[in-house]
Amino acid sequence: MILRPQLIFGLKVLAAAGLVAVVAFPPEASAQDRRVPTSPGELRLSYAPVVQRVAPAVVNVYAAKTVAVSNPLFDDPIFRRFFGVPGGPGGQGGQGGEQVQRSLGSGVLVDPSGLVVTNNHVIDGADQVKVSLADKREIEAEIVLKDSRSDLAVLRLKAQGERFPALEFADSDALQVGDVVLAIGNPFAVGQTVTHGIVSAVARTQVGITDYQFFIQTDAAINPGNSGGALVDLGSHLVGINTAIFSRSGGSQGIGFAIPANMVKVVVASARSGGSTVKRPWLGARLQAVTPEIADSLGLKRPVGALVATVTEKSPAARGGLKTGDLIVAIDGQTVDDQNAFDYRFATKALGGNAQLGIVRAGKEAKLNVALEAAPETPRDELVIKARSPFMGMKVANISPALADELRLDASAEGVIVLEVADGSLAQNLGFRPGDIIAAVNNEKIERTRDLERVAKEQVRRWTITIVRGGQQISVTFGG
């Protein structure tokens, strides 16, 4: 059997943390302060003081969710007929049942009041979440915020008036390749384990894990069971949340990935302000990667930057003077190597004020100021289509600039967006997927969710539906 490399991050046994240390706790080290050991005595220095300082803020996260299960025999109409079982799977007569699924992950206390950061995939869909502290206490937690785009979630411990040990954030942009890191977690559920390594890369943008492709790579041993833990710097500050490993065998191959602390800060700030979603700056432009062919056409020596494909009217990009065909090469003085790097840099800017973009237009360099503001939000009017129709079982919403930005849709998209499709529903059986845009039904334009709800109740024998999937318009026809 040939084992192929794979990224592993949505594992059932998940728990991790990462740390870096010296014997004392020096101030932030500059590039000039970094040096290699110069004597055997320095090689015998221990990381134990840093582990002792940071470990109390690293926790285990237990998530449980109840799912419906059914015996496949109950799907057989002959079985139901001869054994007197009415209905279908999950209906009456004892055909269906419930099962509790559990997952284990790690988290990091980032606020003394009891805020915990973990990976979204650790608690996604959970009905109950508990957190186990380093002192063996178990405390129930509520989910404050989930952000699938960054694969981060914030929990709050249900403990009134208690103060917890917490880690402070570092500036993850100050991290350099070669810096030493430690990882503390619960690999393979064997118990708390400490490993160490170095930072292998600081801006991996082609990993394919989350919407924001910008990861810290480390060779510290990270295994299944380390997801959601902390990575810290020489001052015991949080520099990242461990999220995934690249592996041929399912175990550590020396390639692990962490979400940078600067992205974690944005998510935690939204949770602290009481928000249930993360508010990020909205550019209002669609960007594309610069291929070698595009680089040649633009006269570039190498393919770098993010090319502006379209600009939305009245958006911050439009008001700032950004135009189709511009090449973004920097933001606030930081070089932009590719589209993913720009998305990360822009998304981690605080709302308010401006960001300065360095662009190349018609071969000439220029600078533009773009306002850092959230995308406009209009009522989404989310609803589930219940009428018997091809749309039965869909959860749909109105498209707004905020939702388009969240789902990475073209800002000019018109129609209603499919958010979810219920398992076993008629809509799922007909092939509809989350992310589909319903643009028209039987030659009637669908502009709002209420339009689709009304049309779905009509008794017709033939349905002609226009959908947009992946930017492509498709027309399908179903019999009534």
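Keep in mind it's a predicted model, so treat the numbers as computed, not measured.

K.L.:
Looking at this structure, I do not really get the overall build of the chain. What am I missing?
P.N.:
From N to C terminus, the chain includes 11 helices and 27 strands. Expressed as a percentage of its 480 residues, the buried residues of the chain come to 45%. Across the chain, contacts joining residues at least 24 apart in sequence account for 61% of those joining residues at least 6 apart. On the chain, roughly 24,000 Å² of surface is accessible, and the fraction owed to carbon and sulfur atoms is 50%.

K.L.:
Would you mind going over empty space enclosed by the protein with me for this structure?
P.N.:
If a probe as big as a water molecule is rolled over the atoms, it shows which places are left empty. If you walk through the whole model with that rule in mind, you get 2 cavities of 30 Å³ or more. There is about 40 Å³ of room inside the second largest cavity. Forming the boundary of the second largest cavity are Ser150, Thr210, Tyr212, Phe214, Phe215, Ile259, Pro260, Met263 and Tyr344.

K.L.:
Would you mind showing me how to read the packing of aromatic side chains here?
P.N.:
Any aromatic ring pair is given by two values, namely how distant the centres are and how the planes are angled relative to each other. Counted according to the given criterion, the structure contains 6 aromatic pairs. Ring geometry for Phe391 against Phe432: centres 6.2 Å apart, planes inclined by 45 degrees, an arrangement best described as tilted. Separated by 41 residues along the polypeptide, Phe391 in the loop between β21 (383-384) and β22 (394-398) and Phe432 in the loop between α10 (426-429) and β24 (437-441) bring together distant segments of the chain. Across the pair, exposure class does not vary: Phe391 and Phe432 are buried alike. Both rings, one in Phe391 and one in Trp463, keep their centres 5.8 Å apart while their planes meet at 90 degrees; by these two values the pair is edge-to-face. Here Trp463 lies in strand β26 (residues 462-469) and Phe391 lies in the loop between β21 and β22, a separation of 72 residues in the sequence. The exposure class assigned to Phe391 is buried, which follows from its relative accessible area of 0%.

K.L.:
What is the right way to read the pairing of strand β19 (residues 354-361) from this model?
P.N.:
The side chains of a regular strand alternate, first on one face of the sheet and then on the other. In this sheet, β19 lies alongside strand β17 (residues 327-331) in antiparallel orientation, the contact comprising 4 bridges. Among the inter-strand pairings, Leu327 is bridged to a residue of β19, identified as Val360. Bridge count between β19 and strand β20 (residues 364-371): 8 bridges; the pairing is antiparallel. The partner of Asn354 across the bridge, within β20, is Ala371. Hairpin geometry of β19 and β20 is characterised by an intervening segment of 2 residues between the two adjacent antiparallel strands and by a positive phi of about 55 degrees at Ala362.

K.L.:
Mind showing me how you'd approach the pattern of salt bridges here?
P.N.:
A side chain with one charge may pair with a side chain of the opposite charge, provided their charged atoms come close. Under the definition given, this model contains 21 salt bridges. Ionic pairing is found between Arg156 and Glu142, a salt bridge with its closest N-O pair at 3.8 Å. Linking Arg156 in strand β8 (residues 152-157) with Glu142 in strand β7 (residues 138-147), this pair joins segments that are 14 residues apart in sequence. Taking relative accessible area as the criterion, Arg156 reaches 30% and is therefore assigned partly exposed. Residue Glu406 pairs with Arg380 through a salt bridge whose shortest N-O separation is 3.1 Å. Pair noted here: Glu406 is in helix α9 (residues 401-407) and Arg380 is in the loop between β20 and β21, with a separation of 26 residues, a long-range link. Linked through salt bridges whose partners overlap, the residues forming this network are Asp135, Arg137 and Glu162.

K.L.:
For this particular structure, what's the right way to read the environment of Ser132?
P.N.:
Here Ser132 shows up in strand β6 (residues 128-132). For Ser132 and Asn60, which are 72 residues apart along the polypeptide, the C-alpha to C-alpha distance reads 5.0 Å. Leave out the neighbours within four places in its chain, and Ser132 touches Val59, Asn60, Tyr62, Arg137 and Glu138.

K.L.:
Please explain the pairing of β6 as it appears in this structure.
P.N.:
Bridge count between β6 and β7: 4 bridges; the pairing is antiparallel. Within β7, the residue paired with Val129 across the bridge is Ala141.

K.L.:
Would you take a moment to explain the side chain of Ser425 for this structure?
P.N.:
If you trace the backbone, Ser425 turns up in the loop between β23 (416-421) and α10. Taking the relative accessible area as the measure of exposure, Ser425 reaches 10% and is therefore buried. When sequence neighbours within four positions are dropped, the list of residues in contact with Ser425 reads Met392 and Gly393.

Calculation notes
Residues numbered from 1 in each chain as written. Predicted model: local features only at pLDDT ≥ 70, side-chain atom pairs only at ≥ 80, totals over all residues. Heavy atoms only, no water. Helix = DSSP H or I, 4+ residues; strand = E, 2+ residues; numbered from the N terminus. Buried < 20%, exposed > 50% of the residue type's maximum accessible area, 1.4 Å probe, protein only. Contact = heavy atoms within 4.5 Å. Areas by Shrake-Rupley, 256 points an atom, 1.4 Å probe, with all protein chains shown as cover. 1 Å grid on protein atoms, 1.4 Å probe; cavity = no way out; pocket = protein on both sides within 12 Å on 5 of 7 lines; lining within 4 Å. Points joined across faces, edges and corners; volume = space filled by probe spheres on them. Phe/Tyr/Trp six-rings, centres within 6.5 Å; stacked < 30°, edge-to-face > 60°. Pairing = 2+ DSSP bridges. Salt bridge = Lys/Arg side-chain N within 4 Å of Asp/Glu carboxyl O.

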